[in-house]
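Listed below are the residues making up each chain.
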Amino acid sequence: MGKKVAVLAVQGAFVEHERALSKLGCECVELRQGPDVRQPFDALVLPGGESTVQAKLLRELGMIDELHRRIADGMPVMGTCAGLILLAKTVEEGVPGAGDPTAEVVGGAVAPGAFGTLPVTVRRNAYGRQLGSFHAKAPFSDIEGDVPMTFIRAPYIAEVHEGATPLATVDGRIVAVRAGNQLGVAFHPELDDDLRIHELFVSLIG
Amino acid sequence: MSESQTATERVALNRQLAQMLKGGVIMDVTTPEQAHIAEEAGACAVMALERIPADIRAAGGVSRMSDPKMIKGIQEAVSIPVMAKCRIGHFVEAQVLQAIDIDYIDESEVLSPADDTFHIDKTQFNVPFVCGARDLGEALRRVAEGATMIRTKGEPGTGDVVQAVRHMRMMNAEIRRVQNLRTDELFEAAKQLQVPVDLVKYVHENGKLPVVNFAAGGVATPADAALMMQLGAEGVFVGSGIFKSGNPAKRAQAIVKAVANYTDAKLIAELSEDLGEAMVGINENEIALLMAERGK
């Protein structure tokens, strides 16, 4: 029996997630506005894109309260890159130097994430602007061999609070965590052909 | 990290950033204040430029890359990607923009072309480029030169969406034609389109460009933006349409929401209410300078 997975589809790389999930036999529904979130589904994916845009549209198109309630009730959710930022309890702005790709990214304003359900502090734009984007391969908890990881203007997890477990690190930075029903990754599993992160997520659906 | 990255990896990363912008609205801004308004309104990126296309058109004269100081001011003002334009063929302007850590360069026909024959060899850069195209041949030539995102050329600064519509329809009609060819006909198609055959093969097999394709030029209303999305655009650039209108913040937000829900006519109707004055605009047949004709 196929699982029904809702994908937030207000902005970003949501089609790529749908493609990966379809390969695993899931049925996907797109969430674009209020009425969409009131249908039944088994799990939720928050894709990559611009977290500022997604957070705004989640609120203003009337989706955030219902989705927050379902996440808090234990529905499996996976946030990738921007999606991780939406889930995080605390979001710290990473501020790259203006006009200087070699400048170190410094910490800026701190605010709660849109959902704020995942007990971590995430630093946005933590690797700087586009010139800081990169590919990596690294081990991932409970997955055999290295997993390809694509970081695009990515965040990383600066602090893990009680209840969250780190699942992967790259260059000493935590890039994936799990806290019960919530999976947060700083990279984009939807951009690589490797389906194992999506498999892990689907396995959380009861 | 960049030292160890290969050119192929860089191309992949730059195409992937464009994927993250999909379903979003990229807004032209000329000051940090406008950039802030755009970010608050839900722009997925901003295009930093000294004058918006409508003013470039009105002022005439040679139009060049913006002052790097102005671009840095905008980088400081927002946390979303910051793009900037360089002139067609002006690879030193592109080098300057790369040196100031820009997220995306638009090699743009809106500025005065610096080279009437050659575009920039974009494969020599680590930063990504978006280029305008009116048809499939132009799009694939730009991709062959290293562009990692394509947009329709539209007719910037007019508020008239007719050209963007024409280019998007043309591009998609040609993609459908290539899809339906026999494989032994692709070599001739490559010859006709004046592009490398492997790019034609990609289009044949996938029914799309190898990079993300946005609409640009003349988008002034939520309905314009939704029209371009329904015609197959993966996102929208809005230039003069926002900051040349009566209530930029409200119009910008409405366009963002219309792009996210581009098939919901009822919502677009609500979003279109009370937006104030749209930019006046100029009809295509009233303009002397067709910017879209620059750089083929």
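Residues numbered from 1 in each chain as written. Chains lettered and ligands numbered in written order. Predicted model: local features only at pLDDT ≥ 70, side-chain atom pairs only at ≥ 80, totals over all residues. Heavy atoms only, no water.

- The name an unreviewed UniProt entry assigns to chain B is Pyridoxal 5'-phosphate synthase subunit PdxS, from the organism Ellagibacter isourolithinifaciens.
- Recorded in UniProt for chain B, the comment headed Pathway (unreviewed entry) runs: "Cofactor biosynthesis; pyridoxal 5'-phosphate biosynthesis."
- Reading the Sequence similarities (unreviewed entry) entry of the UniProt record for chain B gives the comment "Belongs to the PdxS/SNZ family." (UniProt positions renumbered as here; feature names shortened; annotations may be inferred.)

- Going by what an unreviewed UniProt entry lists, chain A is known as Pyridoxal 5'-phosphate synthase subunit PdxT and is assigned to Ellagibacter isourolithinifaciens.
- Of chain A, the UniProt comment under Subunit (unreviewed entry) reads exactly: "In the presence of PdxS, forms a dodecamer of heterodimers. Only shows activity in the heterodimer."
- Under the heading Pathway (unreviewed entry), UniProt records this for chain A: "Cofactor biosynthesis; pyridoxal 5'-phosphate biosynthesis."

1. A short note on the overall build of chain B
Okay, step 1: Each helix and strand counted, chain B has 13 helices and eight strands in total.
Okay, step 2: In terms of overall dimensions, chain B is globule-like: its C-alpha atoms have a radius of gyration of 18 Å, near the 19 Å expected for 296 residues.
Okay, step 3: Structurally, chain B occupies a C-alpha span of about 55 × 45 × 40 Å along its principal axes.
Okay, step 4: Buried positions account for 60% of the 296 residues belonging to chain B.
Okay, step 5: Nonlocal contacts in chain B, meaning residues at least 24 apart in sequence, comprise 66% of its contacts between residues at least 6 apart.
Okay, step 6: Working note: accessible area of chain B is about 11400 Å², and carbon and sulfur atoms make up 50% of it.
Okay, step 7: Between the mean site of the 31 positive side-chain charges and the mean site of the 40 negative ones, chain B shows a separation of 3 Å. (Helix = DSSP H or I, 4+ residues; strand = E, 2+ residues; numbered from the N terminus. Rg over C-alpha atoms; globule rule 2.2 N^0.38 Å. Buried < 20%, exposed > 50% of the residue type's maximum accessible area, 1.4 Å probe, protein only. Contact = heavy atoms within 4.5 Å. Areas by Shrake-Rupley, 256 points an atom, 1.4 Å probe, with all protein chains shown as cover. Lys, Arg positive; Asp, Glu negative; His and termini not counted. Charge placed at Lys NZ, Arg CZ, Asp CG, Glu CD.)

2. Remarks on the UniProt feature "binding site: D-glyceraldehyde 3-phosphate" (unreviewed entry) in chain B
Okay, step 1: Here, the residues flagged by UniProt with the feature "binding site: D-glyceraldehyde 3-phosphate" (unreviewed entry) are R169 of chain B.
Okay, step 2: Mapped onto the elements of the fold, R169 of chain B is located in helix 7 (residues 162-179).

3. Quick word on the environment of L17 of chain B
Okay, step 1: Position of L17 of chain B relative to the elements: it lies in helix 1 (residues 7-21).
Okay, step 2: On the accessibility criterion, L17 of chain B (4% relative accessible area) is buried.
Okay, step 3: In this structure L17 of chain B touches Q130, I152 and R153 of chain A together with D103 and Y104 of chain B, once residues within four positions along its chain are discounted.

4. Section: the sheet that holds strand 1 (residues 25-29) of chain B
All names here are of chain B.
Okay, step 1: Pairing is parallel across the open sheet formed by eight strands, whose spatial order is 7-6-5-4-3-2-1-8. Single-partner strands in this sheet number two, and they are strand 7 (212-214) and strand 8 (236-238). The mean angle between the axes of side-by-side strands here comes to 30°, regardless of whether they run parallel or antiparallel.
Okay, step 2: Of the strand pairs in this sheet, strand 4 (residues 104-108) and strand 5 (residues 129-133) are connected by three bridges, and their pairing is parallel. If you follow D106 over to strand 5, its bridge partner there is V130.
Okay, step 3: Strands in contact with helix 5 (residues 91-99) are strand 3 (82-87), strand 4 and strand 5; relative to strand 3, the strand with the most contacts, it is inclined by about 160°.
Okay, step 4: Running over the sheet, helix 12 (residues 248-260) touches strand 1 and strand 8 and is turned about 160° from strand 1. (Pairing = 2+ DSSP bridges. Axes fitted to C-alpha atoms, helices over the stretch in contact; angles between N-to-C directions.)

5. Digging into unusual backbone geometry
Residue and element names in this part refer to chain A.
Okay, step 1: Phi at C81 takes a positive value of approximately 55°, unusual for a residue other than glycine.
Okay, step 2: Position of C81 relative to the elements: it lies in the loop between strand 4 (77-80) and helix 4 (82-87).
Okay, step 3: For C81, a relative accessible area of 4% corresponds to the buried category.

6. Section: the interface of chain B and chain A
Okay, step 1: The interface is formed by 43 residues belonging to chain B together with 40 residues belonging to chain A.
Okay, step 2: For the chain B and chain A pair, buried surface summed over both sides reaches about 3300 Å², with 54% attributable to carbon and sulfur atoms.
Okay, step 3: The interface formed by chain B and chain A contains four salt bridges.
Okay, step 4: Those elements that place two or more of their residues in the side of chain B that touches chain A are helix 1, helix 2 (32-41), helix 4 (68-77), helix 5 and helix 12 of chain B.
Okay, step 5: Broken down by element, the residue count for the side of chain B that touches chain A peaks at 10 residues, all from helix 1 of chain B. (Buried area = accessible area lost by both parts, 1.4 Å probe. Salt bridge = Lys/Arg side-chain N within 4 Å of Asp/Glu carboxyl O.)

7. Let's talk about the UniProt feature "domain: PdxS/SNZ N-terminal" (unreviewed entry) in chain B
Okay, step 1: Per the UniProt record, the feature "domain: PdxS/SNZ N-terminal" (unreviewed entry) sits at residues 12-216 of chain B.
Okay, step 2: Structurally, residues 12-216 of chain B is divided into 44% helix and 16% strand, and its ends, taken at the C-alpha atoms, are 23 Å apart.

8. Description of the packing of helix 6 (residues 136-144) of chain B against helix 7 of chain B
All names here are of chain B.
Okay, step 1: Where helix 6 contacts helix 7, the axes come no closer than 8 Å and their chain directions differ by 85°. The angle between the axes of helix 6 and helix 7 places the two elements in the roughly perpendicular class. Facing L136, G137 and A139 of helix 6, the residues of helix 7 in contact are M171, E174, I175 and V178.
Okay, step 2: Its residues assigned to classes, the contact of helix 6 with helix 7 shows five nonpolar, one polar and one charged. (Parallel < 35°, antiparallel > 145°, perpendicular 65-115°, else oblique. Nonpolar A, V, L, I, M, F, W, Y, C, P; charged D, E, K, R; others polar.)

9. Some remarks on helix 4 of chain B
Three or four residues apart is the spacing at which side chains of an α-helix point the same way, because the helix has 3.6 residues per turn.
All names here are of chain B.
Okay, step 1: Along helix 4, the positions that sit buried rather than exposed are M70, I71, G73, I74 and Q75.
Okay, step 2: For helix 4, the elements touching its buried residues are strand 1, helix 2, strand 2 (45-48), strand 3 and helix 5.
Okay, step 3: Two or three places before K69, at the start of helix 4, stands the capping residue D67, its side-chain oxygen 2.8 Å from that residue's backbone nitrogen. (Polar contact = N/O pair within 3.5 Å; in protein donor to acceptor, adjacent residues only side chain to side chain.)

10. Topic: the UniProt feature "active site" (unreviewed entry) in chain A
Okay, step 1: The sites that carry the UniProt feature "active site" (unreviewed entry) are, in the present numbering, C81, H188 and E190 of chain A. Across 110 residues, the annotated set stays spatially compact, with a maximum C-alpha separation of 10.6 Å.
Okay, step 2: The contacts of C81 of chain A, once residues within four sequence positions are left out, are G48, I152, A154, P155, V185, A186, F187 and H188 of chain A.
Okay, step 3: Relative to the helices and strands, E190 of chain A is located in the loop between strand 13 (182-185) and helix 5 (196-203).
Okay, step 4: Of the residues examined, E190 of chain A reaches a relative accessible area of 6% and is grouped as buried.
Okay, step 5: Look past the residues within four positions of E190 of chain A in its chain and what remains in contact with it is A13, E16, H17, G48, T80 and H198 of chain A together with M20 of chain B.

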